[in-house]
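Structural overview
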Amino acid sequence: MAYDAQLRKQFKWSAKGNLAQAFWPAMGASILAMLPGALISIIYNQEISRLDAGRMMLFLLVYVAALIFIVVPLQFGAMHYFTARARGQLVPVTTIFTCFGEGQQYKNALKLCFSIFFRSIGWIVLEIAAAVPWCWVLVDEMIYVATTGNDPRPGTFTKLLVLSLVFIVVTLLVNVKIRRFDGAYIRLIDDPDMSAWQATKECAVTFRRHNWELFVFDLSFFPWVLLTLITLGIVGIYLQAYMNMAFVNYFDALRQHELGVPPVSFE
């Protein structure tokens, strides 16, 4: 597949077209998928500061359990909806609750969550390792200034700048390596009997020579991310549907190329 800017635009144009066919249902699906997680996080942030150490740990466990057993299956259900819409299928908004009505899909959602986590541990550790030197230099300099009353030592700013650039590069790499596993949702939607571990493995193989493409693909949505920040998350409702549907188009094209199937026209 000769991936280029034009093909990327076609993926996005197709997503916009299918999104426009059922705009309000898609916005409803985005809201329903995002709302529980947002509410759970708001409750957690409001209550955690009022608790003592013992109850705080228990509340944290409840919070994590709610994210895993409620939000994760809901997000997988949302991918069912957006995958169908990206392929031109008109499905009801209630599709996002698919995992709660089908035991196999619910188990797939949980297994996929843990599979992605375990396959990403190495990359997460790498990102943490890249942050440690930056934190060390910053804290050491703050202690030096506080204890001596002197100005920061010469060269500290340069060190922090270099370490910041290293951390940014590593973070971008890690994000792409983890992002590629989003294709595993689509693989399990197409083949519910496939193991979650196998689905994530296949995605790693599919994106093996396409990491830079995936980075550029996600970067092309940066203006939408800025709008989301400016509008305090409101545009994010649209962005979630748009970006997921465009990703489905991209992943389907990669799979078709991998399997030697003629590409779908997005005209």
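Preceding this paragraph is the structure being described.
Only a predicted model underlies this, so the values are computations on that prediction, with no experimental measurement involved.

1. Here's the deal with the overall build of the protein
Looking only at helices and strands, the protein features 11 helices and zero strands. Starting at the N terminus and ending at the C terminus, the protein contains elements arranged as α-α-α-α-α-α-α-α-α-α-α. Taking the principal axes of its C-alpha atoms as reference, the protein extends roughly 65 × 45 × 35 Å. Expressed as a percentage of its 267 residues, the buried residues of the protein come to 42%. Within the protein, contacts between residues at least 6 apart in sequence are counted, and of these 71% link residues at least 24 apart. For the protein, the accessible surface area stands at approximately 14900 Å², while carbon and sulfur atoms represent 70% of it.

2. A few points about the packing of helix H8 (residues 196-206) against helix H11 (residues 234-259)
Helix-helix packing: each pair is described by the crossing angle between the helix axes and the interaxial distance. Two numbers describe how H8 lies on H11: the axes approach to 11 Å, and their chain directions differ by 80°. Comparing their axes, H11 and H8 come out roughly perpendicular. In this structure, H8 uses Glu202, Cys203, Val205 and Thr206 to contact H11, whose residues at the interface are Phe251, Leu254, Arg255 and Glu258. The residue makeup of the contact of H8 with H11, split by class, is four nonpolar, one polar and three charged.

3. Some thoughts on helix H9 (residues 211-219)
Across the nine residues that make up H9, a large majority, seven, are buried. Taken as a whole, H9 has its buried residues at Asn211, Glu213, Leu214, Phe215, Val216, Phe217 and Asp218. Buried residues in H9 make contact with helix H1 (5-21), helix H6 (156-179), helix H10 (222-230) and H11.

4. Focus: unusual backbone geometry
Positioned with a positive phi, leucine 232 is a non-glycine residue whose angle comes to about 60°. By secondary structure assignment, the location of leucine 232 is in the loop between H10 and H11.

5. What to know about the packing of aromatic side chains
Per the counting criterion, the structure on display carries 21 aromatic pairs. Aromatic pair phenylalanine 117 and phenylalanine 118: ring centres 5.4 Å apart, planes at 70°, arrangement edge-to-face. Under the relative-accessibility criterion, phenylalanine 117 is labelled partly exposed at 43%. For the pair phenylalanine 207 and phenylalanine 247, a centre-to-centre distance of 6.3 Å together with 15° between the ring planes defines the contact as stacked.

6. Topic: the packing of helix H5 (residues 103-148) against helix H7 (residues 183-190)
Two elements in contact, H5 and H7, have axes whose closest approach is 11 Å; the angle formed by their N-to-C orientations is 150°. Considered as vectors, H5 and H7 are oriented roughly antiparallel to each other. The two elements H5 and H7 cross, and the hand of that crossing is right-handed. On H7, the residues that touch Asn108, Leu112 and Ile116 of H5 are Ala184, Tyr185 and Leu188. Each residue belonging to the contact of H5 with H7 can be placed in one class, and the counts come to five nonpolar, one polar and no charged.

Reading the values: rules and limits
Residues numbered from 1 in each chain as written. Predicted model: local features only at pLDDT ≥ 70, side-chain atom pairs only at ≥ 80, totals over all residues. Heavy atoms only, no water. Helix = DSSP H or I, 4+ residues; strand = E, 2+ residues; numbered from the N terminus. Buried < 20%, exposed > 50% of the residue type's maximum accessible area, 1.4 Å probe, protein only. Contact = heavy atoms within 4.5 Å. Areas by Shrake-Rupley, 256 points an atom, 1.4 Å probe, with all protein chains shown as cover. Axes fitted to C-alpha atoms, helices over the stretch in contact; angles between N-to-C directions. Parallel < 35°, antiparallel > 145°, perpendicular 65-115°, else oblique. Nonpolar A, V, L, I, M, F, W, Y, C, P; charged D, E, K, R; others polar. Phe/Tyr/Trp six-rings, centres within 6.5 Å; stacked < 30°, edge-to-face > 60°. Left-handed = near helix turned anticlockwise from the far one by under 90°.

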